[in-house]
Amino acid sequence: MNRIVLSYAAVLLTLPDLTDAVPKAKRAFTACPALADALSNPTIPEAEKFAVIERVFPRPLWSFLKTVCRNQQIGSILDIFDEYEVQLRQCRACAHAVLEYVTPLTQEQVSAMKAMVCTKTGKSEVELDLKQNTALLGGFILHIGDQTYDRSMRSTLKAMRNSLTRR
């Protein structure tokens, strides 16, 4: 990871009251990529950029975003927010996993997946991102760091097809 991104993410960790602020800002930048373009545009006066920051983003991020903008690093803001989330999870001894599924999960299934992630990682807490993926046909794929547990119908059918074609 870029040293600058790591440094800005570490600074974010020191700021108070960011529980909702970072996810809201991340959603704003993701929903409107032109926002980062405008804030990094050298032809737009700094005062106008700062006014946009104060109108669009939560107050706890104003000073931080102005500094990132002033230092011409706003193009890396999504990477900074992602790294902040990684560092925050590390501080909280929290694991992160992504679960791809076909049909909506029950609360019991989500709890079972979280328990499995805790067991695999040795962490006491899990942040589980759920992503629906109908291409799996059934089952699930669980990503924990660089490990993948593929229990999908798609991969089962592919394995069967490969097995039959080898004979």
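Up top you'll find the structure we're talking about.
Residues numbered from 1 in each chain as written. Predicted model: local features only at pLDDT ≥ 70, side-chain atom pairs only at ≥ 80, totals over all residues. Heavy atoms only, no water.

## Remarks on the packing of aromatic side chains
Taken as a whole, this structure holds three aromatic pairs when the rule is applied. Ring centres of F29 and F57 lie 4.9 Å apart, and the angle between their planes is 20°; this geometry places the pair in the stacked category. Here the residue F29 occupies a position in helix α2 (residues 21-31), and F57 occupies one in the loop between α4 (46-56) and α5 (62-70), the gap between them amounting to 28 residues. As far as the burial class goes, F29 and F57 line up, both buried. Their ring planes at 50° and their centres at 6.3 Å tell us that F29 and F81 sit as a pair that is tilted. Residue F29 is located in helix α2, and its partner F81 is located in helix α6 (residues 77-91); the two are separated by 52 residues in the primary sequence. Like F81, F29 is buried. The structure contains a cluster of three or more aromatic residues connected by ring pairs, namely F29, F57 and F81. (Phe/Tyr/Trp six-rings, centres within 6.5 Å; stacked < 30°, edge-to-face > 60°. Helix = DSSP H or I, 4+ residues; strand = E, 2+ residues; numbered from the N terminus. Buried < 20%, exposed > 50% of the residue type's maximum accessible area, 1.4 Å probe, protein only.)

## Points about the sheet that holds strand β4 (residues 147-152)
To summarise the sheet geometry, strands pair through backbone hydrogen bonds and adopt either a parallel or an antiparallel arrangement. Sheet architecture is open: four strands sit in the order β2-β1-β3-β4, paired in mixed fashion. What marks the edges here is a single partner per strand, and that holds for β2 (125-132) and β4. On average, each strand axis in the sheet is inclined to that of its neighbour by 15°, with strand direction left out of account. Here strand β1 (residues 94-101) pairs with strand β3 (residues 139-144) via five bridges, running antiparallel. Its bridge partner being in β3, Y101 is matched across the sheet by F140. Of the strands in this sheet, β1, β2, β3 and β4 touch helix α7 (residues 107-121), which is tilted by about 125° from β2. (Pairing = 2+ DSSP bridges. Axes fitted to C-alpha atoms, helices over the stretch in contact; angles between N-to-C directions. Contact = heavy atoms within 4.5 Å.)

## A short note on the pattern of salt bridges
Enumeration according to the criterion identifies six salt bridges in this entry. The salt bridge partner of R92 is E125, with a shortest N-O separation of 2.6 Å. Highlighted residues: R92 in the loop between α6 and β1 and E125 in strand β2, separated in sequence by 33 residues. Residue classification places R92 among the partly exposed positions, given a relative accessible area of 34%. By sharing partners, the salt bridges in this structure join K26, D82 and E85 into a single network. (Salt bridge = Lys/Arg side-chain N within 4 Å of Asp/Glu carboxyl O.)

## Overview of the environment of W62
One can find W62 in helix α5. With 37 residues separating them along the chain, W62 and A25 place their C-alpha atoms 10 Å apart. Excluding its chain neighbours within four sequence positions, the residues that come into contact with W62 are I53, E54 and F57.

## Notes on helix α3 (residues 33-40)
Among all positions of α3, only L35, A36 and L39 are buried. All buried residues of α3 fall inside an arc of 95° around its axis, so they share one side. Exposed and facing more than 90 degrees away from the buried side of α3 are P33 and D37. The inward-facing, buried residues of α3 contact α2, α4 and α5. (Arc of directions from axis to C-beta.)

## Comments concerning the pairing of β2
Where β1 and β2 come together, eight bridges link them in parallel fashion. The residue of β2 that forms the bridge with V98 is D129. Of the crossover connections in this fold, the one passing from β1 over α7 to the parallel β2 is right-handed. (Right-handed = clockwise from strand over helix to strand, strands pointing away.)

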